[in-house]
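Now for the letters of each chain:
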Amino acid sequence: MLSLHNSLTKKKEGFTPIEPGKVRMYVCGMTVYDYCHLGHARVMVVFDMVARWLRASGYQVTYVRNITDIDDKIIRRAAEKGESIRSLTDCFIAAMHEDAAALGVLRPDFEPRATDYVAQMQQIIDKLQKNGLAYVAANRDVCYSVRKFRGYGKLSGKSLDELRAGERVDVAADKHDPLDFVLWKHAREDEPAEAKWASPWGTGRPGWHIECSAMSSELLGEHFDIHGGGQDLQFPHHENEIAQSEGAHGHTFVNYWMHNGFVRVDDEKMSKSLGNFFTIREVLKKYDPEVVRFFILRAHYRSPLNYSDAHLDDARQALTRLYTALKNVPPTPATAVDWDESHAQRFKAAMDDDFNTAEAVAVLFELANEVNRSASGTLAGQLKALGGVLGLLERDPVAFLQGGGAGGDTGEAAAIEAQIAARAAAKKAKNYAEADRIRAELAARGIVLEDTAQGTTWRRA
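Not measured: the values here are computed from a predicted model. Each chain has its residues counted from 1, running along the sequence as written. pLDDT decides what is reported in this predicted model: residues at 70 or higher carry local features, side-chain atom pairs at 80 or more are listed and counted, and totals for whole chains, interfaces and linings draw on all residues regardless. In computing side-chain properties, one takes all heavy atoms of the structure into account and sets aside hydrogens as well as water.

Undergrad: Would you take a moment to explain the state of the cysteines for this structure?
TA: Here a disulfide denotes a covalent bond joining the sulfur atom of one cysteine to the sulfur atom of another. Defined by distance alone, a disulfide is two cysteine sulfur atoms within 2.5 Å. Following the criterion strictly, the structure yields 0 disulfides and no others. With no disulfide partner, C36 has as its closest neighbouring cysteine sulfur the one in C91, 11 Å distant. Each residue is placed in one exposure class: buried if its accessible area under a 1.4 Å probe, protein chains only, is under 20% of its type's maximum, exposed if it is over 50%, and partly exposed if it falls in between. The class for C36 is buried, based on a relative accessible area of 4%. We note that C143 lacks a disulfide partner, and the nearest cysteine sulfur, in C212, lies 19 Å from it.

Set out below in structure tokens:
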């Protein structure tokens, strides 16, 4: 039986969906004012893995990951670039899709844009106001009255007194209480018309937190199974989502909350101010996308993930070992995993234990060792199929090994093949010094030659 760590209860629980055989899952996506970074990569890959495993386990999954396409940063960036908000967000949404596809991330079933759900947000705000949980502040913003919602703090474990002491509190004289947060922002004169919507409280735009309450309830219902996101969203964003949704609808919002761990760079928090901030596309200029995906998945999703060139190089070497096993022993064609096989059973046990990909990947290496020892095409097919469950090992092994981690170059590949042919000609002419010179020259460039009865093949070191 699948079990997962529920951030709400702070413990691992057996998973029971609201509707047998079906899972409804919502994940907080990106705010599209810039290119996606490594933290976004982890969110995308982790919850892609979760959706894949749920489907492999026989569940019918409805996966929603939203797009925030209106907020202060987006308005400022559009103004800086001298373009419309829609043009800016369309550009970065397209870039996000490119990055996600490169990492092997499947598209969610629904990918709602916040600006398409403003009417639903207003409906929830109206309910909150009628339920006595929202008010119009002195500056004409509509705010949520945190102290009137009895369950506030149950996800983050933070008490109102702790919060009142000043932790992450936006102090504003216009609010009834510094803890209160904005549901609807009254329009400012210097903001563009495309950032303004009519509402019962005057022209304005939604606050950040209300977006997800509206989009999730519209697409998944007022009560659904799993809500996920990065650990940084647990407070205040997800805490505020609970307050909004349960305050409006009067019942449980989500049964299971999942949060992936932070990404660090050389054991420091990733931030632009520290100069250690990397976008996905910057990393993919140096490393093969599957190496990055493998790097993310071989750590447990809740653990911190420490990015460094050394760790990516190690991930590349490890993934190379798996592909080498598949190259040396061509897999027997298989359409599905044989779940009765012992390695598959251990793989399943790991994944059912809070999506423990670290242990599941360890099983892949055990299986690769067995493939190397037995030269069994059947086991090689099993290795490829199990890797595919995680979105790994789906490429031609030779293409991966010759790509070497940064995509490869067809012109370079042709030049290498020409040198291999020249080496073969030198050996045939008994010019072994020339043959050795060519091998050494290629080795200096990180190209490893492997002589077999069928001829010479190559891969990158």
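Undergrad: Looking at this model, I keep getting lost on the nonpolar core. Mind explaining?
TA: As a rule of thumb, soluble globular proteins bury nonpolar side chains together. Counting 92 residues, the largest nonpolar core has F47, I226, F294, Y307, F347 and F355 as its most contacted members. Only DSSP runs of H or I with at least four residues qualify as helices, and only runs of E with at least two residues qualify as strands; both kinds are numbered from the N terminus onward. Of the residues forming this core, the biggest block, 12 residues, is contributed by helix α1 (residues 38-56). Boundaries between domains were set according to an automatic or database domain assignment. Two domains each put at least three residues into this core: domain 1 (3-260) and domain 2 (265-402). Two residues form a contact once any of their heavy atoms are found within 4.5 Å. With residues up to four places along the chain from it excluded, the contact list for Y307 reads L38, V263, R264, V265, D266, F278, V283, Y287, F295 and L312. We define the nonpolar core as a collection of buried residues of types Ala, Val, Leu, Ile, Met, Phe, Trp, Tyr and Cys that are connected through side-chain atoms lying within 4.5 Å of one another. Among the nonpolar cores identified, the runner-up in size contains 39 residues, and I124, L155, F224 and V254 belong to it.

Undergrad: I would appreciate a short explanation of the packing of aromatic side chains in the present structure.
TA: Two aromatic rings are characterised by how far apart their centres lie and by the angle between their planes. Here a Phe, Tyr or Trp ring, Trp counted by its six-membered ring, pairs with any other such ring whose centre lies within 6.5 Å, and the pair is stacked when the planes are under 30 degrees apart, edge-to-face when over 60, and tilted otherwise. For the structure shown, the criterion picks out 16 aromatic pairs. Taking 5.5 Å as the distance between ring centres and 45 degrees as the angle between the ring planes, the aromatic pair formed by F278 and Y307 counts as tilted. Highlighted residues: F278 in the loop between β12 (268-269) and α8 (280-284) and Y307 in strand β13 (residues 305-307), separated in sequence by 29 residues. Overall, F278 belongs to the partly exposed group, its relative accessible area being 28%.

Undergrad: Would you mind showing me how to read the domain arrangement of the protein chain here?
TA: Interfaces are often sized by the amount of accessible area the parts lose when they come together. If you check the domain split of the protein chain, you get domain 1 (3-260), domain 2 (265-402) and domain 3 (410-460). On a C-alpha basis, the centres of domain 1 and domain 2 stand 31 Å from each other. The interface is formed by 33 residues belonging to domain 1 together with 35 residues belonging to domain 2. A pairing counts as a salt bridge when a side-chain nitrogen of Lys or Arg comes within 4 Å of a carboxyl oxygen of Asp or Glu. Put simply, domain 1 and domain 2 have 4 salt bridges between them. The shortest N-O distance in the salt bridge between E98 and R281 comes to 3.1 Å. As used in this structure description, the phrase polar contact means that two N or O atoms lie within 3.5 Å; if the pair is within protein, one of them must be able to donate a hydrogen and the other to accept it, and residues adjacent in sequence are counted only when both atoms belong to side chains. The interface formed by domain 1 and domain 2 contains 16 residue pairs in polar contact (both at pLDDT 80 or more).

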